[in-house]
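Each chain, letter by letter, is given below.
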Amino acid sequence: QRILGLRGAEWGPIVLHYAKTKWKLENLPTANQLWKDWEENINTYCSQVQACPGATQLVQELAEYKLPMAIATSSRQTSVNKKRMNHDAIFRHMNAIVCGDHENVQRGKPAPDIYMEAARQLNVNPQHCLVFEDALSGVRSAKAAGCTVVAVPDPRFDAVHKAAFAEEADLVLPDLWHFDGSPFGINVSMESL
(Lines give C-alpha, C1' and ligand atoms only; values in the text may rest on other atoms or scores of the structure.)
Protein backbone atom coordinates (compact mmCIF):
# COMPACT_ATOMS: atom_id res chain seq x y z
CA GLN A 1 0.00 0.00 0.00
CA ARG A 2 2.88 2.33 0.75
CA ILE A 3 4.38 2.01 -2.73
CA LEU A 4 1.15 2.09 -4.76
CA GLY A 5 1.36 4.81 -7.40
CA LEU A 6 5.08 5.37 -7.06
CA ARG A 7 7.59 5.07 -9.90
CA GLY A 8 10.18 2.34 -9.66
CA ALA A 9 12.82 4.95 -8.87
CA GLU A 10 10.85 5.73 -5.71
CA TRP A 11 9.49 2.29 -4.74
CA GLY A 12 12.65 0.33 -5.54
CA PRO A 13 14.67 1.70 -2.61
CA ILE A 14 11.70 1.18 -0.25
CA VAL A 15 11.34 -2.47 -1.28
CA LEU A 16 15.08 -3.12 -1.07
CA HIS A 17 15.28 -1.52 2.38
CA TYR A 18 12.36 -3.65 3.53
CA ALA A 19 13.95 -6.81 2.13
CA LYS A 20 17.22 -6.03 3.90
CA THR A 21 15.77 -5.06 7.27
CA LYS A 22 12.72 -7.32 7.59
CA TRP A 23 13.80 -10.40 5.66
CA LYS A 24 17.57 -9.99 6.18
CA LEU A 25 18.21 -10.61 2.47
CA GLU A 26 21.59 -9.85 0.96
CA ASN A 27 23.00 -9.72 -2.58
CA LEU A 28 20.01 -7.75 -3.78
CA PRO A 29 19.86 -5.99 -7.15
CA THR A 30 20.09 -2.22 -7.47
CA ALA A 31 16.83 -0.27 -7.33
CA ASN A 32 17.04 0.36 -11.09
CA GLN A 33 17.62 -3.32 -11.84
CA LEU A 34 14.72 -4.30 -9.57
CA TRP A 35 12.48 -1.78 -11.38
CA LYS A 36 13.58 -3.04 -14.81
CA ASP A 37 13.06 -6.71 -13.87
CA TRP A 38 9.69 -5.94 -12.27
CA GLU A 39 8.45 -4.10 -15.36
CA GLU A 40 9.64 -6.82 -17.72
CA ASN A 41 7.71 -9.35 -15.64
CA ILE A 42 4.60 -7.22 -15.14
CA ASN A 43 4.49 -6.21 -18.82
CA THR A 44 3.57 -9.80 -19.65
CA TYR A 45 0.31 -9.16 -17.75
CA CYS A 46 -0.44 -5.62 -19.00
CA SER A 47 -2.76 -6.81 -21.74
CA GLN A 48 -4.94 -8.39 -19.02
CA VAL A 49 -5.37 -5.18 -16.98
CA GLN A 50 -9.05 -4.42 -16.43
CA ALA A 51 -10.45 -0.90 -16.34
CA CYS A 52 -11.67 0.32 -12.96
CA PRO A 53 -15.44 -0.17 -12.59
CA GLY A 54 -17.16 2.72 -14.34
CA ALA A 55 -13.98 4.17 -15.88
CA THR A 56 -14.87 3.55 -19.52
CA GLN A 57 -18.36 4.95 -19.11
CA LEU A 58 -17.17 8.01 -17.16
CA VAL A 59 -14.52 8.85 -19.76
CA GLN A 60 -17.12 8.54 -22.53
CA GLU A 61 -19.53 10.80 -20.63
CA LEU A 62 -16.84 13.42 -20.00
CA ALA A 63 -15.76 13.25 -23.65
CA GLU A 64 -19.26 14.26 -24.72
CA TYR A 65 -18.68 17.57 -22.93
CA LYS A 66 -15.43 18.08 -24.83
CA LEU A 67 -13.46 18.26 -21.60
CA PRO A 68 -9.71 17.92 -22.13
CA MET A 69 -8.48 14.75 -20.45
CA ALA A 70 -5.11 13.24 -19.66
CA ILE A 71 -3.67 10.15 -18.05
CA ALA A 72 -0.88 10.81 -15.54
CA THR A 73 0.63 7.46 -14.58
CA SER A 74 3.79 6.39 -12.79
CA SER A 75 4.10 3.53 -15.28
CA ARG A 76 6.72 3.76 -18.00
CA GLN A 77 5.65 4.41 -21.58
CA THR A 78 6.32 0.79 -22.61
CA SER A 79 3.87 -0.47 -19.98
CA VAL A 80 1.24 2.07 -20.97
CA ASN A 81 1.53 1.02 -24.61
CA LYS A 82 0.65 -2.54 -23.59
CA LYS A 83 -2.14 -1.51 -21.20
CA ARG A 84 -3.82 0.63 -23.85
CA MET A 85 -4.19 -2.26 -26.33
CA ASN A 86 -7.46 -3.42 -24.71
CA HIS A 87 -8.72 -0.02 -23.61
CA ASP A 88 -9.13 2.05 -26.75
CA ALA A 89 -12.53 3.25 -25.48
CA ILE A 90 -10.63 5.16 -22.78
CA PHE A 91 -7.34 6.06 -24.48
CA ARG A 92 -8.88 7.50 -27.65
CA HIS A 93 -10.39 10.32 -25.59
CA MET A 94 -7.10 11.32 -23.95
CA ASN A 95 -5.54 14.54 -25.14
CA ALA A 96 -2.31 13.75 -23.28
CA ILE A 97 -0.64 10.76 -21.66
CA VAL A 98 2.15 11.54 -19.24
CA CYS A 99 4.16 8.58 -18.01
CA GLY A 100 6.56 8.28 -15.11
CA ASP A 101 9.52 8.21 -17.47
CA HIS A 102 8.52 11.44 -19.30
CA GLU A 103 11.48 13.82 -19.58
CA ASN A 104 9.61 16.61 -17.76
CA VAL A 105 8.73 14.39 -14.79
CA GLN A 106 11.91 14.69 -12.77
CA ARG A 107 10.34 13.54 -9.49
CA GLY A 108 7.70 10.85 -9.13
CA LYS A 109 4.53 10.96 -7.10
CA PRO A 110 3.92 12.34 -4.46
CA ALA A 111 5.81 15.26 -6.04
CA PRO A 112 3.54 17.39 -8.27
CA ASP A 113 5.65 17.03 -11.44
CA ILE A 114 3.45 14.57 -13.33
CA TYR A 115 0.24 16.56 -12.79
CA MET A 116 1.96 19.83 -13.60
CA GLU A 117 3.14 18.32 -16.89
CA ALA A 118 -0.30 16.86 -17.69
CA ALA A 119 -1.93 20.26 -17.06
CA ARG A 120 0.73 21.96 -19.18
CA GLN A 121 0.09 19.57 -22.08
CA LEU A 122 -3.66 20.20 -21.78
CA ASN A 123 -3.00 23.95 -21.60
CA VAL A 124 -5.05 24.10 -18.39
CA ASN A 125 -4.21 25.64 -15.02
CA PRO A 126 -3.75 22.78 -12.53
CA GLN A 127 -6.21 24.56 -10.22
CA HIS A 128 -8.86 23.88 -12.87
CA CYS A 129 -8.07 20.16 -13.06
CA LEU A 130 -10.14 17.38 -11.54
CA VAL A 131 -8.02 14.32 -10.84
CA PHE A 132 -9.19 10.76 -10.19
CA GLU A 133 -6.70 8.77 -8.11
CA ASP A 134 -6.51 5.30 -6.59
CA ALA A 135 -3.23 5.77 -4.72
CA LEU A 136 -2.47 8.00 -1.76
CA SER A 137 0.82 9.05 -3.35
CA GLY A 138 -1.20 10.18 -6.38
CA VAL A 139 -3.65 12.11 -4.21
CA ARG A 140 -0.72 13.91 -2.60
CA SER A 141 0.87 14.58 -5.99
CA ALA A 142 -2.30 16.07 -7.46
CA LYS A 143 -3.00 18.17 -4.36
CA ALA A 144 0.60 19.46 -4.41
CA ALA A 145 0.01 20.55 -8.02
CA GLY A 146 -3.11 22.45 -6.92
CA CYS A 147 -5.69 20.08 -8.43
CA THR A 148 -9.01 18.96 -6.99
CA VAL A 149 -8.90 15.24 -6.24
CA VAL A 150 -11.52 12.49 -6.30
CA ALA A 151 -10.07 9.39 -4.67
CA VAL A 152 -11.26 5.88 -5.48
CA PRO A 153 -9.21 3.68 -3.13
CA ASP A 154 -8.59 0.08 -4.00
CA PRO A 155 -11.48 -1.90 -2.45
CA ARG A 156 -8.96 -4.25 -0.84
CA PHE A 157 -7.80 -1.44 1.48
CA ASP A 158 -8.99 -1.69 5.05
CA ALA A 159 -10.95 1.07 6.81
CA VAL A 160 -7.81 2.63 8.32
CA HIS A 161 -6.16 3.04 4.91
CA LYS A 162 -9.37 4.34 3.35
CA ALA A 163 -9.61 6.92 6.14
CA ALA A 164 -6.24 8.32 5.06
CA PHE A 165 -7.76 9.10 1.66
CA ALA A 166 -10.65 10.95 3.32
CA GLU A 167 -8.15 13.16 5.15
CA GLU A 168 -6.33 14.20 1.97
CA ALA A 169 -8.66 14.00 -1.05
CA ASP A 170 -11.51 16.40 -1.78
CA LEU A 171 -13.92 13.52 -2.28
CA VAL A 172 -13.68 9.77 -1.74
CA LEU A 173 -15.86 7.32 -3.69
CA PRO A 174 -16.21 3.54 -3.47
CA ASP A 175 -16.05 3.37 -7.29
CA LEU A 176 -16.53 5.59 -10.33
CA TRP A 177 -20.18 4.58 -10.64
CA HIS A 178 -20.82 6.89 -7.66
CA PHE A 179 -19.36 9.99 -9.35
CA ASP A 180 -21.62 13.04 -9.54
CA GLY A 181 -20.00 15.94 -11.36
CA SER A 182 -22.44 18.64 -10.26
CA PRO A 183 -20.28 19.88 -7.33
CA PHE A 184 -17.51 20.43 -9.88
CA GLY A 185 -19.69 22.12 -12.49
CA ILE A 186 -19.84 19.00 -14.67
CA ASN A 187 -23.26 17.79 -15.73
CA VAL A 188 -22.45 14.08 -15.39
CA SER A 189 -24.08 11.71 -12.91
CA MET A 190 -22.85 8.15 -13.20
CA GLU A 191 -25.60 6.83 -10.93
CA SER A 192 -28.21 7.88 -13.51
CA LEU A 193 -26.63 5.83 -16.31
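Please refer to the structure higher up on the page.
Description of the structure in this document. (Residues numbered from 1 in each chain as written. Predicted model: local features only at pLDDT ≥ 70, side-chain atom pairs only at ≥ 80, totals over all residues. Heavy atoms only, no water.)

## A few points about the packing of helix H7 (residues 136-145) against helix H8 (residues 159-168)
When two helices pack together, their arrangement is given by the angle between their axes and by how far apart the axes lie. Interhelical geometry of H7 versus H8 gives an angle of 5° and a closest axis separation of 10 Å. The angle between the axes of H7 and H8 places the two elements in the roughly parallel class. Residues Leu136, Val139, Arg140 and Lys143 of H7 form the contact with H8, whose participating residues are Ala164, Phe165 and Glu168. Of the residues that constitute the contact of H7 with H8, the class distribution is four nonpolar, no polar and three charged. (Axes fitted to C-alpha atoms, helices over the stretch in contact; angles between N-to-C directions. Helix = DSSP H or I, 4+ residues; strand = E, 2+ residues; numbered from the N terminus. Parallel < 35°, antiparallel > 145°, perpendicular 65-115°, else oblique. Contact = heavy atoms within 4.5 Å. Nonpolar A, V, L, I, M, F, W, Y, C, P; charged D, E, K, R; others polar.)

## A closer look at the nonpolar core
Core analysis: the largest hydrophobic core is formed by 21 residues, its most contacted members being Leu58, Leu62, Met69, Met94, Ile97, Phe179 and Val188. Of the residues forming this core, the biggest block, five residues, is contributed by helix H3 (residues 55-64). The contact partners of Leu62, leaving out residues within four places of it in the chain, are Leu67, Met69, Ile186 and Val188. Ranked by size, the runner-up nonpolar core spans 20 residues in total, among them Ala145, Val149, Ala164 and Ala169. (Core = buried A, V, L, I, M, F, W, Y, C linked by side-chain atoms within 4.5 Å. Buried < 20%, exposed > 50% of the residue type's maximum accessible area, 1.4 Å probe, protein only.)

## Structural notes on the packing of helix H1 (residues 8-22) against helix H2 (residues 31-43)
Between H1 and H2, whose axes approach to 8 Å, the crossing angle comes to 110°. In terms of axis orientation, H1 runs roughly perpendicular to H2. Contacts between H1 and H2 involve Gly8, Ala9, Trp11, Gly12, Pro13, Val15 and Leu16 from the first element and Ala31, Leu34, Trp35 and Trp38 from the second.

## Focus on the packing of aromatic side chains
The tally for this structure, following the rule as stated, stands at five aromatic pairs. Ring geometry for Trp11 versus Trp38: centroids 6.0 Å apart, planes at 80°, classification edge-to-face. In this pair, Trp11 sits in helix H1 while Trp38 sits in helix H2, placing the two residues 27 residues apart along the sequence. Ring centres of Tyr18 and Trp23 lie 5.2 Å apart, and the angle between their planes is 90°; on these two criteria the pair is classed as edge-to-face. Every member of this aromatic cluster is reached through a ring pair, and the members are Phe132, Phe179 and Phe184. (Phe/Tyr/Trp six-rings, centres within 6.5 Å; stacked < 30°, edge-to-face > 60°.)

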